[in-house]
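The primary structure of each chain is shown beneath.
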Amino acid sequence: MQLHWHRDDLRVADNLALSTATDRAAERGPVAPVFVFDDDVLAHGSPNRVAFMLDALSQLREAYRDRGSDLLVRHGDPREVLPALATELGAVSVTWAEGYSGLANERDAAVRQRLDAVDVARESVTDALHHEPGSITTNDGDPYSVYTYFWKKWRDRPKADPVDAPEAGALADAADLPDPEPLPTLADLGFAEPTATIQPAGTEAARDRVTAFCDGPVYDYAERRDYPADGCTSRLSADLKWGTIGIREVYEETAAAADLADSESDRESVQEFQSQLAWREFYHHVLFFNPEVVSANYKEYEHPIEWRNDPAELQAWKDGETGYPIVDAGMRQLREEGYMHNRVRMIVASFLTKDLLVDWREGYAHFREHLVDHDTANDNGGWQWAASTGTDAQPYFRIFNPMTQGERYDPDAEYITEYVPELRDADPSLIHGWHEASELMREQGAPEYARPIVDHGERREQALAMFKSARGEE
DNA sequence: CTAACGTTAAT
DNA sequence: TTAACGTTA
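Residues numbered from 1 in each chain as written. Chains lettered and ligands numbered in written order. Predicted model: local features only at pLDDT ≥ 70, side-chain atom pairs only at ≥ 80, totals over all residues. Heavy atoms only, no water.

Per an unreviewed UniProt entry, the recorded name for chain A is Deoxyribodipyrimidine photo-lyase type I, and the organism is Haloarchaeobius iranensis. The record held by UniProt for chain A lists under Sequence similarities (unreviewed entry) the comment "Belongs to the DNA photolyase family." (UniProt positions renumbered as here; feature names shortened; annotations may be inferred.)

Draft legend 1. Broad picture of the overall build of chain A. Assigned secondary structure in chain A consists of 22 helices and five strands. The C-alpha atoms of chain A give a radius of gyration of 24 Å, which matches the 23 Å a tight globule of 474 residues would have. If you line up chain A on its principal axes, its C-alpha atoms span 75 × 50 × 50 Å. Sorting the 474 residues of chain A into buried and exposed places 55% on the buried side. Contacts spanning at least 24 positions in sequence make up 78% of the contacts within chain A whose residues lie at least 6 apart. (Helix = DSSP H or I, 4+ residues; strand = E, 2+ residues; numbered from the N terminus. Rg over C-alpha atoms; globule rule 2.2 N^0.38 Å. Buried < 20%, exposed > 50% of the residue type's maximum accessible area, 1.4 Å probe, protein only. Contact = heavy atoms within 4.5 Å.)

Draft legend 2. Seen up close, helix α17 (residues 376-386). Judged by how many residues are buried, α17 sits mostly within the fold: eight of eleven residues are covered. Listed as buried for α17 are Ala377, Asp379, Asn380, Gly381, Trp383, Gln384, Trp385 and Ala386. Along its buried surface, α17 packs onto α12 (264-289), α13 (311-319), α15 (342-355) and α16 (360-370). At the N-terminal boundary of α17, the capping side chain belongs to Asp375, with an oxygen 3.1 Å from the backbone nitrogen of Ala377. With its phi angle positive at about 60°, Ser388 sits one or two positions after the end of α17. (Polar contact = N/O pair within 3.5 Å; in protein donor to acceptor, adjacent residues only side chain to side chain.)

Draft legend 3. Structural view of the sheet that holds strand β1 (residues 2-6). Strand order in this open sheet of five strands is β3-β2-β1-β4-β5, and the pairing throughout is parallel. The open sheet has two edge strands with one neighbour each: β3 (72-75) and β5 (121-125). With direction set aside, neighbouring strand axes in the sheet form an average angle of 30°. The sheet contact formed by β1 and strand β2 (residues 31-37) spans five bridges and is parallel. If you follow His6 over to β2, its bridge partner there is Phe35. Of the strands in this sheet, β1, β4 (93-97) and β5 are in contact with helix α6 (residues 102-117), which crosses β4 at around 170°. (Pairing = 2+ DSSP bridges. Axes fitted to C-alpha atoms, helices over the stretch in contact; angles between N-to-C directions.)

Draft legend 4. Focus on the domain arrangement of chain A. Along its sequence, chain A is organised into domain 1 (2-127), domain 2 (203-289) and domain 3 (311-470). Between the C-alpha centres of domain 2 and domain 3 the distance comes to 25 Å. If you look at the interface, domain 2 gives 17 residues, while domain 3 gives 21 residues. Taking both sides of the interface into account, the surface hidden between domain 2 and domain 3 amounts to around 1,700 Å²; carbon and sulfur atoms contribute 60%. For the pair domain 2 and domain 3, the number of links is one salt bridge. One can count five residue pairs in polar contact (both at pLDDT 80 or more) joining domain 2 with domain 3. Those elements that place two or more of their residues in the side of domain 2 that touches domain 3 are α10 (237-242) and α12. (Domains from an automatic or database assignment. Buried area = accessible area lost by both parts, 1.4 Å probe. Salt bridge = Lys/Arg side-chain N within 4 Å of Asp/Glu carboxyl O.)

Draft legend 5. Examining the side chain of His341 more closely. Mapped onto the fold, His341 is located in the loop between α14 (325-337) and α15. Reaching out from His341, the side chain makes a polar contact with the backbone nitrogen of Arg343 at a distance of 3.1 Å. Contact partners of His341, with chain neighbours within four places excluded, come to Arg225, Asp226, Tyr227, Pro228, Thr233 and Gln333.

Draft legend 6. Spotlight on the nonpolar core. The biggest cluster of nonpolar side chains holds 83 residues, and the ones touching the most others in it are Trp317 and Val327. In terms of residue count, α12 provides more of this core than any other element does, eight residues in total. Two domains each put at least three residues into this core: domain 2 (203-289) and domain 3 (311-470). Beyond its immediate sequence surroundings of up to four residues, Val327 is in contact with Trp317, Thr322, Ile347, Val348, Phe351 and Pro402. With 28 residues, the next largest nonpolar core counts Leu57, Ala63, Leu186 and Ala238 among its residues. (Core = buried A, V, L, I, M, F, W, Y, C linked by side-chain atoms within 4.5 Å.)

Draft legend 7. Seen up close, the pairing of β1. Where burial is concerned, most of β1 is hidden: five out of the five residues are buried. By the alternation rule, side chains of β1 split into Gln2, His4 and His6 and Leu3 and Trp5, which are all buried. For β1 and β4, the ladder comprises three bridges, and the chain directions are parallel. Within the sheet, the bridge partner assigned to Gln2 lies in β4 and is Ser93.

Draft legend 8. Just the packing of aromatic side chains, in detail. Scanning all chains against the criterion turns up 27 aromatic pairs. Centre to centre, the rings of Tyr147 and Trp279 are 3.9 Å apart; their planes meet at 10°, and the pair counts as stacked. Highlighted residues: Tyr147 in helix α7 (residues 147-156) and Trp279 in helix α12, separated in sequence by 132 residues. Residue Tyr147 is classed as buried on the basis of its relative accessible area, which comes to 8%. Taking the relative accessible area as the measure of exposure, Trp279 reaches 22% and is therefore partly exposed. An aromatic cluster of three or more residues is present, and its members are Tyr144, Tyr147, Phe150, Trp279, Phe282 and Tyr283. Lying across the ring of Tyr339, Arg235 places its NZ or CZ 3.4 Å from the centre. The ring of Trp242 has Lys241 sitting right over it, with the charged end atom 5.0 Å from the ring centre. (Phe/Tyr/Trp six-rings, centres within 6.5 Å; stacked < 30°, edge-to-face > 60°. Lys NZ or Arg CZ within 6 Å of the ring centre and 35° of its normal.)

Right under this line is the structure:
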């Protein structure tokens, strides 16, 4: 018998760690899959994300049952649970897919030690990225801290093909496994019911999303991906976070779409999407080589940044009550769906850090609380980018103008009015010009909607001064 | 060989 | 402004 420990690889197909084990079933015995509910990890969970995870787990269990096997579930510390289960089942080895954050790797190292102590083998398998940290470096061999050159190397490197789901015969027969425990409910795990409506999880749903995306929207992606009302993004972020679909399978679908493209611009559009897959890997590399960035600035300033951190303004941002329509729409989408369109994520992040002058860690924590697709590497990379504390130096100061962003990317205020009902009867020109509209215009157009809590022009100057002094220039 | 400098482009 | 690269000294 062998064990495969599922973590954020909740699928049977295109799963390299699982396949590594099942390929050796003839010598080492069939593979029993297990998932461990770990309180230390759940402590960082949230109703939205854990609800998605439970859905994914239930689909995963079905996939195993279809193959005559079953998914074991245990609750506890993996350092205790896995050696005990391996001993109970007489397993000779345990596989799992490598993580990329410092905390996960510390825990995994401890699990490995405990397995060593009971003479159970463990083989290291990398699965979640096309190109592992260390495999794409500058010509001097250093990890990249700017994206562009990373992308060129990532793009030109050959990609592995997906691997098939294991044969049923390589999996442990359900009859030879301990009686299955039911999956816990959210309440069992101590979470409230999610307030958001969450998209269906599991490999089938993820494959449907890939197919639908590659069937058309991918060709508009380059041109339309920044328009939140358009819906031509892949919506795969949560699937990639939980590994309900393999990264090789996703890439293969996009490559097939590129082959079917009937113009150069369509092909380029597919490549624009592939570039987003590369961003994900770039930020995983950054986190792997700089595990401290989860809580520290990547970029070092001469002096600490003197964030303003006003609690009332932070709360207004969380509540979607800032009086800046595109910001409020995004923050309300986050509450309602556990999701936010990527362009809008950048806008609300810029607003929190540059208009409200609140530390990016507050924003990161709020995203972690609500996003179904929250991923340490991606979210940290995105927040630090917006906060000007991350990778990727820029010539001008990265301060978005929330009015310009709204006008440019949601000209008809379609996205805004979907999430901010107080503005439904208002003219788009009033919505975009809300910050400079007269009180009379506001009363007539949208009496219920919040008044702007800050003046963007003033706050922009304050933000510039805050960074100037952090740089030691004043 | 390395250090210095100019070029490029940045979601 | 800055990282990375390529070229030059």
